Amino acid sequence: MRSAEDLGGSHGRRLRRGVLDDGREVFVKTGAASDAFASEAAGLRWLGEVVDVPEVVEVGRDRLVLSWVREEPPTPAAAETFGRALARLHRAGAPGFGAPWPGFIATLPMDNAPVDDWPTFYAARRVLPFLRLARLPASDVVLVERAVDRIAEVAGPAEPPARIHGDLWSGNVLWSGGSGVLIDPAAHGGHRETDLAMLALFGLPYLDRVLGAYREAFPLAEGWRERVPLHQLHPLLVHVVLFGGGYRDSLMDAVRRVSAL
């Protein structure tokens, strides 16, 4: 790079905006050697077969270099375009529930080993591993485990594995080119309602427009709104692990709502 601008840090990684010798602007993420960089690159390439993502310029054990995304303000029209693109991504499907690369969310590893059905995958690969890391009171653990026992019962109609982003909070959607560009995925074959529930967890500009356009392109099974807390169990547990008990109340509220389904 002929120049670089420090953008701060996130989860122990340094973030920079750089200009390569050929004039291309890039985003650079560096940190301790980890499989996480290759995992993110693999996920971006897989999602990029269908929707807009940054180009992977270079990836190594200690770095990831992506094309720079020029951001613009979100608009209702961009939100609708993004909703249709997300529907197209989910329709593209996946070979199974899981992925052929190691999973990560932030710096936390996730088991992506394939499972035949989504309820089993979600319980065994997403919720229970993070429950063991969350250091919750024993009484909370019991309630979460009871909710996990109900996943197959309340998950709704079985669907084939969707090609999902896997960590689709608003910060991982950059508005550019009249739509949303996906970054920082935890991509895998999963349930498409997971991505939609993650968008709802922390909000997204014009989310109603996104969901409306999505549902026109790819209708959702009846009861999908009531299942939102089910799909939020995993990200809320991740936040408890990463940031502590400040997310406990939100987690336990989701647990109570799942138990009431």
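The preceding data block contains the structure.
Structural notes, computed from the coordinates. Because the structure is predicted, anything quoted here is derived from the model rather than measured.

### Quick word on the sheet that holds strand β3 (residues 25-30)
Piece 1. Strand order in the open sheet formed by five strands is β1-β2-β3-β5-β4, with antiparallel pairing between adjacent strands. Each edge of the sheet is formed by a strand with only one pairing partner; in this case those strands are β1 (3-10) and β4 (56-60). Averaged over all pairs of adjacent strands, the angle between their axes in this sheet comes to 15°, without regard to strand direction.
Piece 2. Sheet topology note: the β4/strand β5 (residues 63-67) ladder contains four bridges and is antiparallel. What sits directly across from Gly-60, in β5, is Arg-63.
Piece 3. Each of β2 (13-19), β3, β4 and β5 touches helix α1 (residues 36-47); the most contacted strand, β4, lies at about 155° to it.

### Observations concerning the pattern of salt bridges
Piece 1. In this structure the tally under the stated criterion is 18 salt bridges.
Piece 2. Note that Arg-24 and Asp-22 form a salt bridge whose closest N and O atoms lie 2.8 Å from each other.
Piece 3. The class of Arg-24 is partly exposed, set by a relative accessible area of 39%.

### So, the environment of Ser-67
Piece 1. Within the secondary structure layout, Ser-67 lies in strand β5.
Piece 2. Note: C-alpha distance between Ser-67 and Gly-18 (49 residues apart in sequence) is 9.6 Å.
Piece 3. Ignoring sequence-local partners within four residues, the contact set of Ser-67 consists of Glu-25, Val-26, Phe-27, Pro-54, Glu-55 and Val-57.
Piece 4. At 2.8 Å, the side chain of Ser-67 forms a polar contact with the backbone nitrogen of Glu-55.

### Looking at the packing of aromatic side chains
Describing an aromatic ring pair means giving the distance of the ring centres and the angle of the ring planes.
Piece 1. Within this structure, the stated rule accounts for seven aromatic pairs.
Piece 2. Seen in terms of ring centroids, Phe-27 and Trp-68 are 6.4 Å apart; in terms of plane orientation they differ by 40°. Their pairing is tilted. Of the two residues, Phe-27 sits in strand β3 while Trp-68 sits in the loop between β5 and α2 (76-92), which places them 41 residues apart along the sequence.
Piece 3. Each ring, one from Phe-243 and one from Tyr-247, has its centre 6.1 Å from the other, and the planes form 45°; the classification is tilted.
Piece 4. When its relative accessible area of 26% is taken as the criterion, Tyr-247 is described as partly exposed.
Piece 5. Positioned above the aromatic ring of Phe-37 is the side chain of Arg-13, whose terminal nitrogen or guanidinium carbon lies 5.0 Å from the ring centre.
Piece 6. Seen from the ring of Phe-218, Arg-192 lies directly overhead, with NZ or CZ sitting 3.6 Å from the centre.

### Considering helix α4 (residues 138-149)
Every α-helix winds through 3.6 residues per turn, so residues three or four apart in the chain are directed the same way.
Piece 1. Look at α4: 17 Å from first C-alpha to last across 12 residues, which is about the 16 Å you get at 1.5 Å a residue.
Piece 2. Along α4, the residues that are buried comprise Asp-140, Val-144, Ala-147 and Val-148. For α4, the buried positions fall inside an angular range of 100° around the axis, keeping them on one side. Relative to its buried face, α4 has exposed residues pointing more than 90 degrees away, namely Ala-138, Arg-146 and Asp-149.
Piece 3. Close packing links the buried residues of α4 with α3 (118-133), α5 (151-154) and α9 (248-259).

### Some remarks on the side chain of His-234
Piece 1. Within the secondary structure, His-234 sits in helix α8 (residues 228-243).
Piece 2. Each residue touching His-234, except ones within four places of it in the same chain, is listed here: Ile-105, Met-110, Tyr-122, Arg-126, Val-127 and Phe-130.

### Some remarks on the pairing of β1
Piece 1. Pairing of β1 with β2, which is carried by seven bridges, proceeds in the antiparallel orientation. Its bridge partner lying in β2, Ala-4 is registered against Gly-18.
Piece 2. The hairpin formed by β1 and β2 contains two residues between the paired strands, and His-11 there has a positive phi angle of roughly 50°.

Criteria and thresholds
Residues numbered from 1 in each chain as written. Predicted model: local features only at pLDDT ≥ 70, side-chain atom pairs only at ≥ 80, totals over all residues. Heavy atoms only, no water. Pairing = 2+ DSSP bridges. Helix = DSSP H or I, 4+ residues; strand = E, 2+ residues; numbered from the N terminus. Axes fitted to C-alpha atoms, helices over the stretch in contact; angles between N-to-C directions. Contact = heavy atoms within 4.5 Å. Salt bridge = Lys/Arg side-chain N within 4 Å of Asp/Glu carboxyl O. Buried < 20%, exposed > 50% of the residue type's maximum accessible area, 1.4 Å probe, protein only. Polar contact = N/O pair within 3.5 Å; in protein donor to acceptor, adjacent residues only side chain to side chain. Phe/Tyr/Trp six-rings, centres within 6.5 Å; stacked < 30°, edge-to-face > 60°. Lys NZ or Arg CZ within 6 Å of the ring centre and 35° of its normal. Expected span 1.5 Å × (residues − 1). Arc of directions from axis to C-beta.

Everything listed is a geometric property; what it means functionally is a separate question.
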